[in-house]
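Next come the chains, spelled out residue by residue.
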Amino acid sequence: MATLAPPLTGPAGRGRRPGASRLPRALHPLCWWLWALGLTVAASRTTNPLLLGVVLGVVCWVVVARRTDAPWASAFRLYVVAGVVVVVLRVMVRVVFGGDQGTHVLVAVPAIPLPSSVGIQLFGDVTAESLLGGLYDGLRLATMLIGLGAANALANPRRLLRSMPPALHEVSTAVVVALSVFPQLAESIVRVTRARKLRPGADPNRVAAMRAVVIPVLEDALDRSLLLASSMDSRGYGRSGDRSRRTTRVVGTLLVVGLAGICVGAYAVLDASTPRYLAGPVLVAGICIGVLGIRLSGQGVRRSAYRPDRWRAAELVTAGSGLATGLLLFASARVDPTNLYPSLTPLGWPQLSVLPVLAILVGLIPAVATPPPVTVEVGPR
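Parameters at a glance
Residues numbered from 1 in each chain as written. Predicted model: local features only at pLDDT ≥ 70, side-chain atom pairs only at ≥ 80, totals over all residues. Heavy atoms only, no water. Helix = DSSP H or I, 4+ residues; strand = E, 2+ residues; numbered from the N terminus. Buried < 20%, exposed > 50% of the residue type's maximum accessible area, 1.4 Å probe, protein only. Contact = heavy atoms within 4.5 Å. Areas by Shrake-Rupley, 256 points an atom, 1.4 Å probe, with all protein chains shown as cover. Phe/Tyr/Trp six-rings, centres within 6.5 Å; stacked < 30°, edge-to-face > 60°. Expected span 1.5 Å × (residues − 1). Arc of directions from axis to C-beta. Polar contact = N/O pair within 3.5 Å; in protein donor to acceptor, adjacent residues only side chain to side chain. Axes fitted to C-alpha atoms, helices over the stretch in contact; angles between N-to-C directions. Parallel < 35°, antiparallel > 145°, perpendicular 65-115°, else oblique. Left-handed = near helix turned anticlockwise from the far one by under 90°. Core = buried A, V, L, I, M, F, W, Y, C linked by side-chain atoms within 4.5 Å. Nonpolar A, V, L, I, M, F, W, Y, C, P; charged D, E, K, R; others polar. Patch = residues over 30% accessible without salt bridge, like charges linked within 9 Å, V, L, I, M, F, W, Y side chains within 5 Å. Salt bridge = Lys/Arg side-chain N within 4 Å of Asp/Glu carboxyl O. pLDDT = per-residue confidence, 0-100.

### Section: the overall build of the chain
And step 1. Counting its secondary structure elements, the chain contains 12 helices and 6 strands.
And step 2. Residues classed as buried in the chain amount to 35% of the 381 residues present.
And step 3. In the chain, the proportion of contacts linking residues at least 24 apart, taken out of those at least 6 apart, comes to 81%.
And step 4. Total accessible area on the chain is roughly 22000 Å²; 67% of this is exposed by carbon and sulfur atoms.

Take a look at the structure:
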């Protein structure tokens, strides 16, 4: 008769199974957002379609390897579709408003002149340089959008709200409700489509089916988002605590000014054409004012969380890999900016450098160095 091997014991004498560190568990939601923001910053630093393709590959690989069956995870495909729409619209804008830019004419289209004060014209010769410029810009915007969609697919928005400090509950409540609309929309599409297939005599035509499910899907997604907002309000989210009206106004002003400073400073850091005095100093000042506003906002507000999420080695690796990707690609723009921004005149195939590719591949670490996700069975409710 076979006997079971005794369990491994740790220093504290408690039982520990082999590979316990690789047991399925959900990572801290904030680490996924830091990872995605790092990859988004990396995508904003280049218009090279090859590098942007590597970023998209890394993002999709990690999402496929570490997403669950939760409703917010199924919304990732909608972000991919939105990215494709962004690329198509960006190219169409170049065709409509960007004619006569370049020498390689593909299609000769008559131009419609506009007043000189407008500074643009409608249509004109469609050139290869204009189409490639629109494709590069659209692909960069689409990659940034899909990167943020990856964070929304991997991070539980409700756990993210629970992880926020008490001072940010007022803002984070509105943010979580806004972020939950897209996942709720994806779940509503699945539920309405499933109910329609179970109904006898359903029209198999896709166009007719889309017309039949648009209104129920939008209504169901809106109702579920409003229910989420009501449930959070009943549990005390968004309460300001014992603060006077004057303190509330001061705190709100500091938070708005700090956020504006962070936005201006971050844009100045990412855009090399802006004055340098708008980069570091404004960003640091915005962070300091925002921290002061958060500090004052947290006074008098008490929040408790049942079994709060903790940062462990996997969370640090995930957040560090994404931030390292953004920092390395930001640094490589100063070393070799030519391959990050391929030239359109003259036309040529974009080139790849080793440093940017290695920097982007660092973001692939969470797909292999983190515990597998917990499978969530989602059925009709």
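There is more to say after this.
### Let's talk about the packing of aromatic side chains
And step 1. This model, assessed by the stated rule, comprises 1 aromatic pair.
And step 2. Ring centres 5.7 Å apart and planes at 85° place the aromatic pair Trp32 and Trp35 in the edge-to-face group. In this pair, Trp32 and Trp35 both sit in helix α1 (residues 29-44), 3 residues apart, roughly one turn of the helix. Neither residue differs from the other here; Trp32 and Trp35 are each classed as buried.

### Concerning helix α2 (residues 49-66)
And step 1. With 18 residues, α2 extends 26 Å from end C-alpha to end C-alpha; this agrees with the ideal 26 Å at 1.5 Å per step.
And step 2. Among the residues making up α2, those that are buried are Leu51, Leu52, Val55, Leu56, Val58, Val59, Val62, Val63 and Arg66. Looking down the long axis of α2, one finds its buried residues gathered within 160° of arc, a one-sided arrangement. Opposite its buried face, α2 presents the exposed residues Trp61 and Val64, each directed more than 90 degrees away.
And step 3. In this structure Asn48 caps α2, since a side-chain oxygen of it lies 2.9 Å from the backbone nitrogen of Leu50.

### Some details on the packing of α2 against helix α4 (residues 128-154)
And step 1. For the pair α2 and α4, interaxial distance at closest approach is 10 Å and the crossing angle is 15°. By the angle between their axes, α2 is roughly parallel relative to α4. Seen along the crossing, α2 lies across α4 with a hand that is left-handed. Facing α2, whose interface residues are Pro49, Leu52, Val55, Leu56, Val59, Val62, Val63 and Arg66, α4 presents Tyr136, Leu139, Arg140, Thr143, Ile146, Gly147, Ala150 and Leu154.

### Things to note about the nonpolar core
And step 1. Counting residues in each nonpolar core, the largest one holds 34 residues, and the members touching the most others are Trp32, Trp35, Val59, Val62 and Phe76.
And step 2. Contributions of two or more residues to this core are made by α1, α2, α4, α10 (313-335) and α11 (354-361).
And step 3. Those residues within four positions of Val62 in sequence are excluded, and the remaining contacts are Trp32, Trp35, Arg67, Leu154, Gly363, Leu364, Pro366 and Ala367.

### Thoughts on the environment of Val368
And step 1. Of note, Val368 is situated in helix α12 (residues 366-369).
And step 2. In this structure Val368 comes out as exposed when scored by relative accessible area, which is 62%.
And step 3. Sequence spacing of Val368 and Arg66 is 302 residues, and the spatial spacing of their C-alpha atoms is 9.3 Å.

### Some points on helix α3 (residues 76-97)
Note that an α-helix has 3.6 residues per turn; residues three or four places apart therefore point the same way.
And step 1. The terminal C-alpha atoms of α3, which comprises 22 residues, lie 31 Å apart, in line with the 32 Å expected from a rise of 1.5 Å per residue.
And step 2. For α3, every residue scored as buried is listed here: Phe76, Tyr79, Gly83, Val87 and Arg94. One face of α3 carries all of its buried residues, which in axial projection span an arc of 95°. Opposite the buried face of α3, at more than 90 degrees from it, the exposed residues are Arg77 and Val84.

### What about the packing of α3 against α4?
And step 1. Packing of α3 against α4 leaves a shortest axis separation of 8 Å and a crossing angle of 160°. When the interaxial angle is binned, α3 and α4 end up roughly antiparallel. The element α3 and its partner α4 pack so that their crossing is right-handed.
And step 2. Each residue belonging to the contact of α3 with α4 can be placed in one class, and the counts come to 17 nonpolar, 7 polar and 3 charged.

### Examining a nonpolar patch on the surface
And step 1. On the surface, Val80, Val81, Val84, Val85, Val88, Leu89 and Met92 cluster together to form a nonpolar patch covering roughly 570 Å² of accessible area.
And step 2. When you line up the elements, Leu89 lands in helix α3.

### Some details on the pattern of salt bridges
And step 1. Summed over the entire model, instances satisfying the criterion amount to 4 salt bridges.
And step 2. A salt bridge links Arg90 to Asp137, with the shortest nitrogen-to-oxygen separation between them at 3.5 Å. Residue Arg90 is found in helix α3, and its partner Asp137 is found in helix α4; the two are separated by 47 residues along the sequence.
And step 3. The class for Asp137 is buried, based on a relative accessible area of 18%.
And step 4. With a shortest N-O distance of 3.1 Å, Arg94 and Asp137 are connected by a salt bridge.

### Topic: the environment of Arg162
And step 1. Position of Arg162 relative to the elements: it lies in helix α5 (residues 157-163).
And step 2. As a C-alpha pair, Arg162 and Asp309 span 147 residues in sequence and 8.7 Å in three-dimensional space.

### Section: the environment of Val256
And step 1. Counting through the fold element by element, Val256 comes out in helix α8 (residues 245-270).
And step 2. Distance from Val256 to Gly286, taken between C-alpha atoms, is 9.5 Å for residues 30 residues apart in sequence.

### Comments concerning the confidence of the model for the chain
And step 1. In the predicted model, the chain carries a mean pLDDT of 76, and the fraction of residues at 70 or more is 70%.
And step 2. By mean pLDDT, strand β2 (residues 15-16) is the weakest element of the chain at 41, and α2 is the strongest at 92.
And step 3. Below a pLDDT of 50 lies the segment residues 1-21, which in the model reaches 7 contacts outside its immediate sequence neighbourhood of four places, other chains included.
And step 4. Taken as a whole, residues 377-381 scores under 50 in pLDDT and shows 9 contacts with residues more than four places along the chain or in a different chain.

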